[in-house]
Structure formats: C-alpha cells, structure tokens
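# A closer look at the structure
Here are the chains, one letter per residue:
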Amino acid sequence: MIYYSTNNKENTASLEQAVVTGLASDRGLYMPEKLKALPKEFFDNIQNLSFQEIAFEVAKAFFGEDVPAEDLKKIVYDTLAFETPVVKVEDNIYSLELFHGPTLAFKDVGGRFMARLLGYFNAKEGNDRLVNVLVATSGDTGSAVANGFLGVPGIHVYVLYPKGKVSPIQECQFTTLGQNITAIEVDGVFDDCQALVKAAFMDKELNAHMKLTSANSINVARFLPQSFYYFNAYAQMKAKGLADDLVVCVPSGNFGNITSGIFGMKMGLPIKRFIAANNSNDIFYNYLQTGKYSPKASVQTIANAMDVGDPSNFARIYDLYKGSRDAVAADVSGARFSDDQIRETIKDVFTRTGYLCDPHGACGYRALKEGLKPGETGVFLETAHPAKFKDTVEKVIGQQVEIPAKLAAFMKGKKQSVALSKNFEDFKKFLIER
Ligand SMILES: *Cc1c(COP(=O)(O)O)cnc(C)c1O
C-alpha cells in the first residue's frame, strides 16, 4: 500500500518508510492511499469472532499488501493479548473499556503493534544497526510505548519526560523497566521534551550517527491499529442485539483514536455517527461551529491526556473529508466539558449506577447523555483506568479507589532515570556517547 502526505499527494512512501520516518518530509501526516471496504459476510458474522480474529481481518485490509499473512497474524495476536469488554452503564449507554492492557490505557494497543511491526521490518532487513525510538511524554504515551517496546530486539527507546510534572503512578510505568528502555528526566516542561525530540530528528550529525524514529500518534503503525476497537465494539453490541443506530463517542486530544474509528466507518463498519468529546481544549468543537480551525495554546485540565491545543490528526480528518466542514459535521459532532462538569459527571454516574469513570471517559459518557437521540444506542470509549487518576477521582467520590495489581507491580519497581537539562547539546552529547 502506498502512503501519501497530507501536505502533498505526490509525496509518497511505502509502509516501511512511513513507519520508520513517522512524519513525511514535508511535515505532513501519512495517509493510506485507499481504505478497503470489508466484505458483507465479515460484518454478518462479526459477533461470532474473537477480538484477535476481527483485528486480523482489519489489519489485512491495511497491512496485507506489505506484511505476509503469517507474520501479520503473529503481530496482531501478540498485540491483543487482552480483552476490551463493553460494559453496560445504564439503559442505552455502554462503556468500551480500553484499559485492560499492560499500562491500563488505550494507547497500549498502538504501542504494542508499532513495536512488533518495527521489530518485523528490522529483522527482515537483517541489519544489526540499532533503531532508536525517541518519545516525549506528559504521562500516558511514554508508558504505553515503553511497555510495548520492552524487550523487542534491535530497538532502544528513550522516553523524555518533564521532571516533577507526571504523576508518580505514571512515572513508575516507564522508569522502572530497564532493559532497552531509558527514561530521561528533563529539567523543564513537556514542551521542552517535545522540542528536544524534534531537534534530534533535525540534527544531521546525530542522524548520521544513529538511526532515529518517533513513536507518537502521527506514526501510522500506532494510529491505524486503534481502528480495531471500533470493530470489536460493534461486534459486542451486535451480540447484544443493540448494534442498530450505534453512536460512538470518543474522548479526544490529538484525534488519533477517533480518526481511526472514522476510517473503520469508511471501510463499511455500520456506525451511525461519532461524537468527539473534548475538555476545555475545544479547538475541534469550535471548528464544527465556525468552519475555522484555530489552534490555541493548550490549557491544563483534570483530563490531561486531552490537553492538546493543535490536534495533530486533524490533518487526517481534513484530508479525508477534502476540507469540507459540512462533510465532517455529517459524521461527527462535538462536545466540550469544563473540569467542574467532568467532576460532576464522575460523581453523578458513580452515585446513580455504581460505574466509575476516569476523567476522560466521563467526557465521553456526558456527551452521549446529552447528545443521544431517541432510538440511538451509545458506546463511549473509556480510555484509561480510573486508578490512573486516583487523586482526582477519590476527591470527587469521597472514597478510595483500589489500585489494580498490574499498576501496583510497577510501583514496587526501582526508579532508574537519567537527569538532563533542557539544553539540546546535552541531550545530543548523551545520545552520542552511549
Ligand atoms: C491519549 C489519550 C486520549 C486522547 O486520545 P487521542 O488519540 O490523542 O485523541 C484520551 N484519553 C486518554 C486516557 C489518553 O491517554
């Protein structure tokens, strides 16, 4: 399959090039040249298939021309070594729990898939040159990517995070791993970490010295596999007899997750419409109201994985809908919630139904509660386990939140990290001397 840049259709790459470079040379995002429709029989029978079987069919549509079926099957089956169940919250509203992976966040699937696909390309080339993955994180991305790549031969991961700005639970998920994962504690803020990573990709000397790649959601290997969830959600709702007039609501930050769901719809998945739920970072919401895309500096909220002021995957939505705001709005509506509304929702849902949302999922729930029309059934994506936001959630509900065993295990590990300044020369020297 050919991938083209959202900045210029003539600027194309193979899957391998797109994965290894992340961003196109003109700074556009890579798009697959076609979204293959899946056959009717697949959808007729989907409720009888496992998550792995469903995902393998979807993966073949994306990657089948580039990766032999046997290898692709192994990548998919290894990636999805956990379930993503649909849970009833109340009549007409269901939660798709995406937090049953190793770091309890939905980014696990993309992180694990990318690690295995890159590992496959690496082994195929048979070169023994180490690939170095650089990732800047404000919390969740670093842990999902680091855990996804842990122990993958031929790849070393550097996670850059801002000192004192990630929660202790998040920090232990990428600083206690060791092996091929190095955590770098930067004396600065998240933007400084991101600037260091960008500067590294642009530094000629460094790139001649070592092979560098990125692992954020612009990378097609992290982005496309997220579409698996939507097929899985549909299958589970169909098994319950509730798949007609299905509305899927996605708590959104960089818009990678929801865009992969829209890709699924374009491949024939019978989802009626999407809702993108935002926190106070309401750039997409405003775009739908005005037709103008006006990025802003991000503002800090209690749903911090959605604190994005210039969602990178908007470029993919814009490309897919050929720049037509009306076409986007026909498939996707928006919603936005303040921190107070998020807190109110966590408390209300917990008190009435016993279901505990994390701050991101709470945005998703509320957008459905306010936006579902008669006859529609809604599924929101619960993108993180509430225990990852323990302090916030406990204050709201006035009760302790139990930490799952998986998370507790990370917290017992020993922190290992390298302290660096936000100065690029220090970072470069560190990488070269290793
Ligand atoms: C990353 C993240 C999001 C936002 O997903 P995007 O693909 O960036 O829109 C939402 N919730 C949680 C918990 C996340 O970690």
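Residues numbered from 1 in each chain as written. Predicted model: local features only at pLDDT ≥ 70, side-chain atom pairs only at ≥ 80, totals over all residues. Heavy atoms only, no water.

### A closer look at the overall build of the protein chain
- If you tally the helices and strands in the protein chain, you get 20 helices and 14 strands.
- Taking 434 residues into account, the globule formula puts the C-alpha radius of gyration at 22 Å, and the protein chain, at 21 Å, falls close to it.
- Principal axes of the C-alpha set define a box for the protein chain whose edges measure 60 × 50 × 40 Å.
- In the protein chain, which comprises 434 residues, the share counted as buried stands at 58%.
- The long-range fraction of contacts in the protein chain, counting pairs at least 24 apart against all pairs at least 6 apart in sequence, stands at 74%.
- Looking at charge distribution, the protein chain has the averaged site of its 48 positive side-chain charges lying 1 Å from that of its 50 negative ones. (Helix = DSSP H or I, 4+ residues; strand = E, 2+ residues; numbered from the N terminus. Rg over C-alpha atoms; globule rule 2.2 N^0.38 Å. Buried < 20%, exposed > 50% of the residue type's maximum accessible area, 1.4 Å probe, protein only. Contact = heavy atoms within 4.5 Å. Lys, Arg positive; Asp, Glu negative; His and termini not counted. Charge placed at Lys NZ, Arg CZ, Asp CG, Glu CD.)

### Digging into the pattern of salt bridges
- Tallied over the entire structure, the rule returns 27 salt bridges.
- Measuring nitrogen to oxygen at the nearest pair gives 3.2 Å for the salt bridge that ties Lys-34 to Glu-33.
- Asp-91 is paired through a salt bridge with Lys-88; the nearest N and O atoms lie 3.0 Å apart.
- A relative accessible area of 57% places Asp-91 in the exposed class.
- One network of salt bridges, in which partners are shared, links Glu-33, Lys-34, Lys-36 and Glu-65. (Salt bridge = Lys/Arg side-chain N within 4 Å of Asp/Glu carboxyl O.)

### Here we look at the sheet that holds strand S12 (residues 332–336)
- The mixed open sheet is built from six strands, whose spatial order is S4-S5-S13-S10-S11-S12. At either margin of the open sheet sits one strand with a lone partner, and together these are strand S4 (86–90) and S12. Between one strand axis and the next, the sheet turns through 25° on average, direction left out of account.
- Across the sheet, helix H17 (residues 359–371) touches S4, strand S5 (93–97), strand S10 (246–251), strand S11 (273–278), S12 and strand S13 (377–382), and the angle it forms with S13 is around 165°. (Pairing = 2+ DSSP bridges. Axes fitted to C-alpha atoms, helices over the stretch in contact; angles between N-to-C directions.)

### Considerations on the sheet that holds strand S8 (residues 181–186)
- One open sheet accounts for five strands, arranged S9-S6-S7-S8-S14; its pairing is parallel. At either margin of the open sheet sits one strand with a lone partner, and together these are strand S9 (211–214) and strand S14 (418–420). The average angle at which neighbouring strand axes cross in this sheet is 30°, direction not considered.
- Summarising the sheet, strand S6 (residues 131–136) and S9 pair through four bridges and their orientation is parallel. Within S9, the residue paired with Val-133 across the bridge is Thr-213.
- Along the sheet, helix H8 (residues 190–202) makes contact with S6, strand S7 (155–162), S8 and S9, crossing S6 at roughly 150°.
- Set on the sheet, helix H20 (residues 424–433) makes contact with S6, S7, S8 and S14; between it and S14 the angle comes to about 145°.

### Re the environment of Val-152
- With respect to the helices and strands, Val-152 occurs in the loop between helix H6 (140–149) and S7.
- Counting along the chain gives 33 residues from Val-152 to Gly-119, while the straight-line C-alpha distance between them is 6.6 Å.
- Here Val-152 is in contact with Ala-115, Gly-119 and Asn-180, once residues within four sequence places are set aside.

### Observations concerning the site of the ligand
- Contacts to the ligand come from 15 residues, most closely from Lys-107, Gly-253, Asn-254, Phe-255 and Thr-383.
- The separation between an oxygen atom of the ligand and a polar main-chain atom of Gly-256 is 3.2 Å.
- Burial of the ligand by the protein amounts to 97% of the accessible area it has alone, namely 380 Å².
- Residues of the shell around the ligand, tallied by class, amount to six nonpolar, seven polar and two charged. (Near = heavy atom within 4 Å. Polar contact = N/O pair within 3.5 Å; in protein donor to acceptor, adjacent residues only side chain to side chain. Areas by Shrake-Rupley, 256 points an atom, 1.4 Å probe, with all protein chains shown as cover. Nonpolar A, V, L, I, M, F, W, Y, C, P; charged D, E, K, R; others polar.)

### A closer look at the nonpolar core
- In this structure, Phe-63, Leu-117, Phe-149, Phe-274 and Phe-284 are the most contacted members of the largest nonpolar core, which totals 131 residues.
- The biggest single contributor to this core is helix H3 (residues 51–63), with nine residues.
- Residues in contact with Leu-117, not counting those within four places in the same chain, are Leu-15, Val-19, Val-67, Ile-75 and Ala-221.
- Counting residues in hydrophobic clusters, the runner-up holds 18 residues, among them Leu-196, Val-197, Ala-200 and Leu-420. (Core = buried A, V, L, I, M, F, W, Y, C linked by side-chain atoms within 4.5 Å.)

### What about unusual backbone geometry?
- At Arg-27, a residue that is not glycine, the phi angle is positive and equals roughly 70°.
- Summarising the element assignment, Arg-27 is placed in the loop between helix H1 (15–21) and strand S3 (30–32).
- Looking at Arg-27, the relative accessible area reads 49%, which means it is partly exposed.
- A positive phi is found at Asp-245, a non-glycine position, where the angle reads about 50°.

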